[in-house]
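A structural walkthrough
The residues making up each chain are set out below.
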Amino acid sequence: MITVIDYGAGNLRSVENALRHLGVAYRITSSADDVAQARAILLPGVGHFGQMMRSLEQLKIVAPLRRAIRSGVPYFGICLGMQALFERSDEAASLEGLGIFPGSIRRFPDTLPRELKIPHMGWNRLAVAPRSRLFAGIPADPFVYFAHSYYLPAEEGGQGLAAALCSYGLPFVAALERENVFGVQFHPEKSGAIGVEVVANFARLCGEDVRAEGAGVGRAG
């Protein structure tokens, strides 16, 4: 069963719909005890980095979440859920992230070409790393949907973290994976059949049974 953390993120229903479509067993919780006992964890995220970290602290989830990830529990972070894996973010520089990986999340610079608006919103192509487990069976150079103003610089993924890169005036890490830890900057729950298959791959990596008939990149979520 995948434990989905509810800290008030606005995309929770979309994530739930994707899991339900796949027939994957899941539970939604705001309980620190549930996180401590989880066999797999999914942290969705939209909004503000500081608000997310403060909410997780108020729910007393930060410490058990760190312990779970470091002990090898499979983790999948979406958007802010990926950014939370790092030490800090420009969006709330005074607050600590989970610190699973070194590095900081940066804001897109105002020096981007004028036609590139901030936030970065819309469909963009990925350059997927060979042998990525998260993108197994997915066609090369897929398009996915983004909605963000902050990003992980491509050089931060240079130590074997990056599962996919994207370019929006500059290269950034669009997905990461290392051992039991996975994260995507894009929103798979809004990325159609490609996004659904990314979620399905995570579920399979957790040992979950993906029961949706025809689940895969040929069907929309």
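Model, not experiment: these values are computed from the prediction. (Residues numbered from 1 in each chain as written. Predicted model: local features only at pLDDT ≥ 70, side-chain atom pairs only at ≥ 80, totals over all residues. Heavy atoms only, no water.)

**Here we look at helix α3 (residues 49–58)**
When we look at burial in α3, the residues that qualify are F49, G50, M52, M53, S55 and L56. The inward-facing, buried residues of α3 abut β1 (2–5), β3 (41–43), α4 (62–70), α5 (80–83) and β5 (88–89). (Buried < 20%, exposed > 50% of the residue type's maximum accessible area, 1.4 Å probe, protein only. Helix = DSSP H or I, 4+ residues; strand = E, 2+ residues; numbered from the N terminus. Contact = heavy atoms within 4.5 Å.)

**Regarding the pairing of strand β4 (residues 75–78)**
Going residue by residue along β4, you find Y75 and G77 tucked away on one face and F76 and I78 tucked away on the opposite face as well. When β3 meets β4, the two strands line up parallel, connected through three bridges. Pairing of L43 across the sheet is with G77, part of β4. By the bridge criterion, four bridges tie β4 to strand β13 (residues 181–184) in an arrangement that is parallel. From the neighbouring strand, I78 faces β13, where its bridge partner is V184. (Pairing = 2+ DSSP bridges.)

**Things to note about α4**
Turning to α4, its buried residues number three or more, namely V62, P64, L65, R66, A68 and I69. Among the structural elements, β1, α2 (32–36), β3, α3, β4 and β13 are those in contact with the buried residues of α4. Looking one or two residues past α4, G72 carries a phi angle of roughly 105 degrees, positive in sign.

**Notes on the environment of M52**
Turning to its location among the elements, M52 is positioned in helix α3. Considering only alpha carbons, one finds M52 and R107, 55 residues apart in sequence, at a separation of 17 Å.

**So, the nonpolar core**
Ranked by size, the top nonpolar core spans 41 residues in total, and within it I2, F76, L126, F135 and F186 carry the most contacts. Elements with a minimum of two residues in this core: β1, α1 (12–22), β4, β9 (143–148), β11 (162–167), β12 (171–178), β13 and α6 (192–205). Take this core: its biggest share by element is seven residues, from α6. Filtering out sequence-adjacent residues up to four positions away, F186 remains in contact with I78, C79, L126, F135, V144, Y145, F146, A174, A175, S191 and V198. (Core = buried A, V, L, I, M, F, W, Y, C linked by side-chain atoms within 4.5 Å.)

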